[in-house]
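# Chains, contacts and geometry: an overview
Spelled out, the chains give:
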Amino acid sequence: MAGILQRTLKLRAALRHVSPHSTFFSTATVGHSPVDRRSPFLPTTSLQFGVCCRKLQAGADRPSPAAAPERLPFSRVTPEDVAFFRKILPGRTITDPDLLESNNVDWLKSVRGSSEVLLRPQTTEDVSQILKYCNSRNLAVNPQGGNTGLVGGSVPVYDEIILSTALMNNILTFDSISGILTCQAGCVLENLSLYLEERDYIMPLDLGAKGSCHIGGNVATNAGGLRLLRYGSLRGTVLGLEAVLADGQVLNCLAKLRKDNTGYDLKQLFIGSEGTLGVITAVSILCPRKPKSVNVVFLGCETFEQLLKTFQLCKGMLGEILSAYEFLDSECMRLLNTHLKLPNPISDCPFYVVIETSGSDPTHDGEKLHNFLDEAMTSSLVTDGTVATEDSKIKALWSMRERVTEALTHDGFTYKYDISLPVERIYQLVTDMREHLGDRAKSVVGYGHVGDGNLHLNVTSPTKDPALLAAIEPFVYEWTASCHGSISAEHGLGLKKRNYIYYSKPSHAGSKGHPQPVQDFTR
């Protein structure tokens, strides 16, 4: 076991990020002009996590502050390499530039690679052969899941070989007694949800990008999502996983036991490792029973303090049936109205809350919810609200929270930040950022998961604005560090945040040579 751990850690530099997701959130959205392949800065490869930077926009002279240094000396792909891949992956080795286009650019259209080879394995053995060969040839590889990540980790930095898990989409087993699902890493989250719902179970994870993100990428980035308040993080629900290390060695930790106290829990190294230790090829995950009673409430509050007091009341009165507590501000609502034509289901308020309950007894749950709403209205914590119990109305209310990201894409150039803070400080960052930026920003909005202290801060401008970015960073990270928060709550570091990790992990400061933030934002 110790030998496996040592080899795993030794090989950690040979793999990059497997994307989920999701949702989830990044440093800056920039243009995606075609890459100039003649530039010596670009047509190179890197397998090492975060050691290379990409040209974010054609004509850029140097990497952004969030970018990494130059590439390591990896080999370039030769015709002989392509011939080998076509031999082991007949019909699944893609070199057509048109077919590679969507795999070379991320979901936000913010970063672009220049890979010339896309490999689509179907089995763990396929992945093992690919990595063993690439390791022997010193070829760079970029694992890719659903390519929905928002921190620049899901696409190549240069011309790394893209290893896609899209065809690794089989459900292997499901135990209807224990609720343990075992599947390949390329299974789309929504497909898993539909499969389980037919069997009276649900996935413990729910994301806005569920229609395209892969479960392997979700695990690799430890994606959070809307159900974390009820079911916890993937570190608790993932029982086991299988991964292939950079030299092709298969690490089989695909356990289906809820209790296993025999030495190191190696799977935890891979959950949230963003592909730096290996390519996750299969997972086993504990799934809860499908609730028989689901209610969604959309409420309005006059102040964020009232929103937090409503959360306290909610936890106390709804208890075991509370499954989600999300918020968005009036600026988010304005964007939803303006760009997506979504009508506000209640009267205008500075803050809005989406509460979901899920339980086994509709009568019991209804009574608890009624008592909570009565108390919230009587105590003037809530000024207006509406309740949905039908699926169509539930989806309509949830869209007010889940489609904010979509609305932002229509508002202009977007700078996205995924921050974890003490819950009482969450919205203060939005307020301080608005004051700090003044009229330099078009919009500054805040929304996210109150239940687990996760803020999604977004700043928009009409076009890309380097001066605005310089005003946002490192201010946002210094502010977060002053509250002992995390610069990445659920979306990982990827390329865009890898140079800012020292704001959340002080032990890195000495080795990186970065000073510790000293500005005090406490009020």
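Since the model is a prediction, treat every value here as computed from it, not as a measurement. (Residues numbered from 1 in each chain as written. Predicted model: local features only at pLDDT ≥ 70, side-chain atom pairs only at ≥ 80, totals over all residues. Heavy atoms only, no water.)

This part covers the overall build of the protein. Helix and strand content of the protein: 18 helices and 16 strands. Counting over 523 residues, the protein shows a buried share of 57%. In the protein, the share of contacts with a sequence separation of at least 24, taken over all contacts with a separation of at least 6, comes to 76%. For the protein, the accessible surface area stands at approximately 21000 Å², while carbon and sulfur atoms represent 51% of it. (Helix = DSSP H or I, 4+ residues; strand = E, 2+ residues; numbered from the N terminus. Buried < 20%, exposed > 50% of the residue type's maximum accessible area, 1.4 Å probe, protein only. Contact = heavy atoms within 4.5 Å. Areas by Shrake-Rupley, 256 points an atom, 1.4 Å probe, with all protein chains shown as cover.)

Among the 9 residues that make up strand β12 (residues 351-359), 9 are buried, leaving the element largely enclosed by the rest of the structure. Sheet topology note: the strand β10 (residues 293-301)/β12 ladder contains 9 bridges and is antiparallel. From the neighbouring strand, G300 faces β12, where its bridge partner is Y352. Taken together, the 7 bridges between strand β11 (residues 322-329) and β12 define a ladder with antiparallel strand orientation. Bridging from a neighbouring strand, L322 pairs with T357 of β12. (Pairing = 2+ DSSP bridges.)

The topology assignment puts S110 in the loop between α3 (97-104) and β2 (118-119). The buried category is assigned to S110, whose relative accessible area is 0%. Polar contacts involving the side chain of S110 include one to the side chain of D106, which spans 2.6 Å. (Polar contact = N/O pair within 3.5 Å; in protein donor to acceptor, adjacent residues only side chain to side chain.)

This next bit is on the nonpolar core. By size, the foremost hydrophobic cluster in this structure holds 56 residues, and its most contacted members are L307, I355 and F372. Dropping the residues within four chain positions of it, L307 is found in contact with C301, Y325, F327, F351, Y352, V353 and V450. Residues M203, L205, C213 and V283 belong to the second largest nonpolar core, which totals 32 residues. (Core = buried A, V, L, I, M, F, W, Y, C linked by side-chain atoms within 4.5 Å.)

This next bit is on the confidence of the model for the protein. Detailed conclusions should not be drawn from predicted coordinates in areas where pLDDT is low. With 83% of its residues at a pLDDT of at least 70, the protein reaches an overall mean of 84. Segment residues 1-66 is flagged for pLDDT under 50; beyond a separation of four residues in sequence, or across chains, it makes 254 contacts in the model. With pLDDT under 50 throughout, residues 508-523 is counted as low confidence; its partners more than four residues away or in other chains account for 27 contacts. (pLDDT = per-residue confidence, 0-100.)

The next point concerns the sheet that holds strand β3 (residues 141-144). The strands making up a sheet associate through backbone hydrogen bonding, with each pair oriented either parallel or antiparallel. The sheet built from 4 strands is open, its strands ordered β1-β2-β4-β3 with mixed pairing. Lying at the two open borders of the sheet, with one neighbouring strand each, are β1 (93-94) and β3. Examined bridge by bridge, β3 and strand β4 (residues 161-164) share 4 bridges and lie parallel to one another. Looking across to β4, one finds that V141 is bridged to I161. Against the sheet, α3 touches β1, β2, β3 and β4, its axis set at about 75° to β4. (Axes fitted to C-alpha atoms, helices over the stretch in contact; angles between N-to-C directions.)

Taking 1.5 Å per residue as the helical rise, helix α10 (residues 304-318) with its 15 residues ought to reach 21 Å, and the 20 Å between its terminal C-alpha atoms agrees with that figure. Of the positions making up α10, those classed as buried are F304, Q306, L307, L308, T310, F311, L313, C314 and L318. Among the structural elements, β10, β11, β12, α12 (362-378) and α15 (426-437) are those in contact with the buried residues of α10. One or two steps after α10, the chain reaches G319, where phi turns positive at roughly 50°. (Expected span 1.5 Å × (residues − 1).)

Next up on the list: the pattern of salt bridges. Evaluated as defined, the whole model comprises 14 salt bridges. Close ionic contact of R112 with E101 constitutes a salt bridge, the shortest N to O distance being 2.9 Å. In this pair, R112 sits in the loop between α3 and β2 while E101 sits in helix α3, placing the two residues 11 residues apart along the sequence. Taking the relative accessible area as the measure of exposure, E101 reaches 37% and is therefore partly exposed. The salt bridge involving D265 is made with K267; its shortest N-O contact spans 2.9 Å. With a relative accessible area of 10%, K267 lands in the buried category. (Salt bridge = Lys/Arg side-chain N within 4 Å of Asp/Glu carboxyl O.)

A separate point is the packing of aromatic side chains. As enumerated under the stated definition, the model contains 18 aromatic pairs in all. It is R289 that lies over the ring of Y201; its NZ or CZ is 5.2 Å from the centre. (Phe/Tyr/Trp six-rings, centres within 6.5 Å; stacked < 30°, edge-to-face > 60°. Lys NZ or Arg CZ within 6 Å of the ring centre and 35° of its normal.)

Moving on: the sheet that holds strand β6 (residues 180-184). The strand order across the open sheet built from 5 strands is β5-β6-β9-β7-β8, with neighbouring strands paired in antiparallel fashion. Only two strands of the sheet have a single neighbouring strand rather than two, namely β5 (171-175) and β8 (250-253). The mean angle between the axes of side-by-side strands here comes to 10°, regardless of whether they run parallel or antiparallel. Judged from the 4 bridges that link them, β5 and β6 form a sheet pairing that is antiparallel. For I171, the partnering residue across the bridge sits in β6 and is C183.

The periodicity of an α-helix, 3.6 residues per turn, causes residues three or four positions apart to be oriented the same way. Here helix α4 (residues 124-137) contains 14 residues, and its C-alpha end-to-end distance of 20 Å stays within 8% of the 20 Å for a straight helix at 1.5 Å per residue. Taken as a whole, α4 has its buried residues at T124, D126, V127, S128, I130, L131, Y133 and C134. Phi for N138, located one or two positions after α4, is positive at around 60°.

In contact at an axis separation of 11 Å, α15 and helix α17 (residues 475-482) are set at 145° when each is read in the N-to-C sense. With respect to the hand of their crossing, α15 and α17 are arranged in right-handed fashion. Here Q428, L429, D432, M433 and H436 of α15 come into contact with α17, specifically with F475, V476, W479 and T480. For the contact of α15 with α17, the per-class residue count stands at 5 nonpolar, 3 polar and 1 charged. (Left-handed = near helix turned anticlockwise from the far one by under 90°. Nonpolar A, V, L, I, M, F, W, Y, C, P; charged D, E, K, R; others polar.)

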